[in-house]
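Spelled out, the chains give:
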Amino acid sequence: MENSVIFNSYHKNGLQLRNRIVMAPMTRSRSDNPENKATALTALYYKQRASAGLIITEGTFINPEAVGVIHVPGIYTQEQIAGWKLTTEAVHAENGVIFAQLWHTGAYSHPDLHQGKKPLAPSDVNPEQQVFTATGFKLTVAPQPMTVADIKRTVNDFKQGALHAFEAGFDGVELHAANGYLLQQFFSKNSNLRNDEYGGSIENRARILFEILDAIKEVADIRKLRFVSTLL
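### Considerations on the overall build of the chain
Next, step 1: Each helix and strand counted, the chain has six helices and eleven strands in total.
Next, step 2: By its C-alpha atoms, the chain is 50 × 40 × 35 Å across when sized along the principal axes.
Next, step 3: A buried classification covers 49% of the 232 residues belonging to the chain.
Next, step 4: Sequence separation of 24 or more characterises 65% of the internal contacts of the chain that already satisfy a separation of 6 or more.
Next, step 5: Carbon and sulfur atoms form 51% of the exposed surface of the chain, whose accessible area is close to 11300 Å².
Next, step 6: For the chain, the distance from the average position of its 23 positive side-chain charges to the average position of its 23 negative side-chain charges is 4 Å.

Here it is, written out as structure tokens:
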């Protein structure tokens, strides 16, 4: 193992990693505070793992509509940006590299997490999953289909999430487009029953992803920062 390539440094496209070990995202649910912000405990958790070549954080919600589980930090308010700064500063102090994972759960949520309103999703298809709420696990409901205006606003909120991540000191962002959450709900013919420009053909079902990527590229290019997307 001592001579394994995994311990070699990695340098490409401006990204410099001390090794090729990547810490994958995992929801920690440690932000038990009214602001849904990352805390000193969050910073300590990632600092202790900063020897990895690259850390990708737990998913962080891009807006209040994205919330799908309690005690997960967001990245849509100044308080949340300040909370995440504790983490990036702690990781950078250990010469680590850290990306923020931008997240929207879509239908994988519950009205209890949205002041009684239905979660937003491509179509009114209930994923029939258990959601962790303040009073325990509850079964999802049929969500509220997004209007085109809702979709455009969500695209912009992903862009703002990237801007906020850069403001918080992250080295890059990862776009969460997997595991049955909002973007994959658009991709799937089982959860996307739309007949507009965001439904039907593969190109239409994937449209929101490429709109988000184009939006994030605008701000990532300006700051010469990296971003990656996950589709699997």
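### Some remarks on the side chain of Gln101
Next, step 1: Examined against the element boundaries, Gln101 turns out to sit in strand β5 (residues 98–103).
Next, step 2: A distance of 2.9 Å separates a polar atom in the side chain of Gln101 from a polar atom in the side chain of Glu174.
Next, step 3: Setting aside its immediate chain neighbours within four residues, Gln101 contacts Pro25, Ile56, Thr57, Glu58, Gly59, Thr60, Glu174 and His176.

### Details of the nonpolar core
If you look at soluble globular proteins, the nonpolar side chains tend to sit buried side by side.
Next, step 1: Among the nonpolar cores identified, the biggest contains 50 residues, and Tyr46, Leu102, Phe170, Val173, Ile208 and Ile212 are the most heavily contacted of them.
Next, step 2: At the level of secondary structure, the elements contributing two or more residues to this core comprise α1 (40–47), β4 (54–61), α2 (78–93), β5, α3 (148–167), β10 (172–176), α4 (182–187) and α6 (207–222).
Next, step 3: With eight residues, the top contributor of residues to this core is α6.
Next, step 4: The residues contacting Tyr46, other than those within four sequence positions of it, are Met23, Ile55, Thr57, Glu58, Trp84, Thr87, Val91 and Ile98.
Next, step 5: Core analysis: the second largest hydrophobic core is formed by six residues, Leu15, Leu17, Ile56 and Phe99 among them.

### What to know about the environment of Gln160
Next, step 1: Among the structural elements, Gln160 can be located in helix α3.
Next, step 2: Judged by relative accessible area, Gln160 falls into the partly exposed class, the value being 29%.
Next, step 3: Sequence separation between Gln160 and Gln115 is 45 residues; the distance between their C-alpha atoms is 23 Å.

### Overview of the packing of α1 against α2
Next, step 1: Where α1 contacts α2, the two axes come as close as 8 Å, and the packing angle between them is 25°. In terms of their interaxial angle, α1 and α2 are classed as roughly parallel. By crossing handedness, the relation of α1 to α2 is classed as right-handed. Along the contact surface, α1 presents Ala40, Thr42, Ala43, Tyr46 and Lys47, while α2 presents Trp84, Leu86, Thr87, Ala90 and Val91.
Next, step 2: Its residues assigned to classes, the contact of α1 with α2 shows seven nonpolar, two polar and one charged.

### Quick look at α2
Next, step 1: In this model α2 runs 22 Å from its N-terminal to its C-terminal C-alpha over 16 residues, within 8% of the 22 Å that 1.5 Å per residue would give.
Next, step 2: When we look at burial in α2, the residues that qualify are Gln80, Ile81, Gly83, Trp84, Thr87, Thr88, Ala90 and Val91.
Next, step 3: In this structure, the buried side of α2 is in contact with α1, β4, β5 and α3.
Next, step 4: Of the residues flanking the end of α2, it is Asn95, one or two places downstream, whose phi is positive at about 65°.

The rules behind the values
- Residues numbered from 1 in each chain as written.
- Predicted model: local features only at pLDDT ≥ 70, side-chain atom pairs only at ≥ 80, totals over all residues.
- Heavy atoms only, no water.
- Helix = DSSP H or I, 4+ residues; strand = E, 2+ residues; numbered from the N terminus.
- Buried < 20%, exposed > 50% of the residue type's maximum accessible area, 1.4 Å probe, protein only.
- Contact = heavy atoms within 4.5 Å.
- Areas by Shrake-Rupley, 256 points an atom, 1.4 Å probe, with all protein chains shown as cover.
- Lys, Arg positive; Asp, Glu negative; His and termini not counted.
- Charge placed at Lys NZ, Arg CZ, Asp CG, Glu CD.
- Polar contact = N/O pair within 3.5 Å; in protein donor to acceptor, adjacent residues only side chain to side chain.
- Core = buried A, V, L, I, M, F, W, Y, C linked by side-chain atoms within 4.5 Å.
- Axes fitted to C-alpha atoms, helices over the stretch in contact; angles between N-to-C directions.
- Parallel < 35°, antiparallel > 145°, perpendicular 65-115°, else oblique.
- Left-handed = near helix turned anticlockwise from the far one by under 90°.
- Nonpolar A, V, L, I, M, F, W, Y, C, P; charged D, E, K, R; others polar.
- Expected span 1.5 Å × (residues − 1).

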